[in-house]
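Read off the chains here:
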Amino acid sequence: QVQLVESGGGKVQPGGSLRLSCAASGSIFSINTMSWFRQAPGKQRDMVATITSSNSTDIADSVKGRFTISRDNTKNTVYLEMNSLKPEDTAVYYCNIWYREARSRNLASYWGQGTQVTVSS
């Protein structure tokens, strides 16, 4: 069984900053990619940022230059540093990992429960 614990969401004024964290634990042998997605009300869930095990990153154009993704492999944790936040960044942010299961070494994916980010004055 895998657990993803997300933290760092909240309400912030436009132009402000937040840092999201997502810590993975459980029956994990290794983690390949770690990603953040977001979903605004009435919209589809979109990828925000992804980081591979070799620290290659992919950032959505809508947040490029404002958001940074990083990971700490010793803690199985991924971070999303969000700066210059805009009202359109308001959404539920979800953590996602692709990992190798500890016993079978099969590749699997897991989603966090989501954390709300609200950008409003």
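Everything below is about the structure shown above.
Notes on the structure follow. Keep in mind the model is a prediction, meaning the values are calculated, not measured. (Residues numbered from 1 in each chain as written. Predicted model: local features only at pLDDT ≥ 70, side-chain atom pairs only at ≥ 80, totals over all residues. Heavy atoms only, no water.)

Here we have four strands laid out as an open sheet, ordered E1-E3-E8-E7, and antiparallel in their pairing. Looking along the sheet, the strands with just one partner apiece sit at the ends: strand E1 (2–7) and strand E7 (67–72). Within the sheet, the average angular offset between the axes of one strand and its neighbour, ignoring direction, is 15 degrees. Here six bridges tie E7 to strand E8 (residues 77–82), and the two strands are oriented antiparallel to one another. Counted as the bridge partner of Thr68 is Glu81 from E8. (Pairing = 2+ DSSP bridges. Helix = DSSP H or I, 4+ residues; strand = E, 2+ residues; numbered from the N terminus. Axes fitted to C-alpha atoms, helices over the stretch in contact; angles between N-to-C directions.)

As paired elements, strand E4 (residues 28–39) and strand E5 (residues 46–51) share five bridges and run antiparallel to each other. When the sheet's bridge partners are listed, Phe37 is paired in E5 with Met47. In this antiparallel pair of consecutive strands, E4 and E5, the connection spans six residues, and Gly42 shows a positive phi of 80 degrees. Relative to strand E6 (residues 57–59), E5 runs antiparallel, the two being bridged by three bridges. Counterpart to Thr50 in the pairing with E6 is Asp58.

Moving on, we come to the nonpolar core. In this structure, Trp36, Leu80, Met82, Tyr93 and Ile97 are the most contacted members of the largest nonpolar core, which totals 32 residues. Ranked by residue count, the leading element in this core is strand E9 (residues 91–101), at five residues. Not counting chain neighbours up to four residues away, the residues in contact with Leu80 comprise Leu18, Arg19, Leu20, Trp36, Val48, Ala49, Phe67, Thr68, Ile69 and Tyr93. (Core = buried A, V, L, I, M, F, W, Y, C linked by side-chain atoms within 4.5 Å. Buried < 20%, exposed > 50% of the residue type's maximum accessible area, 1.4 Å probe, protein only. Contact = heavy atoms within 4.5 Å.)

Now for unusual backbone geometry. One non-glycine residue with positive phi stands out, namely Asn76, at about 50 degrees. You can call Asn76 partly exposed: its relative accessible area is 26%. Positioned with a positive phi, Ser84 is a non-glycine residue whose angle comes to about 50 degrees. For Ser84, the position within the fold is in the loop between E8 and E9.

Before going further, it helps to examine the packing of aromatic side chains. Summed over all chains, the structure comprises one aromatic pair. The aromatic ring of Tyr94 is capped on one face by Arg45, whose charged end is 3.6 Å from the ring centroid. Lying across the ring of Phe29, Arg105 places its NZ or CZ 3.7 Å from the centre. (Phe/Tyr/Trp six-rings, centres within 6.5 Å; stacked < 30°, edge-to-face > 60°. Lys NZ or Arg CZ within 6 Å of the ring centre and 35° of its normal.)

Scope: geometric values only; no functional claims are made or implied.
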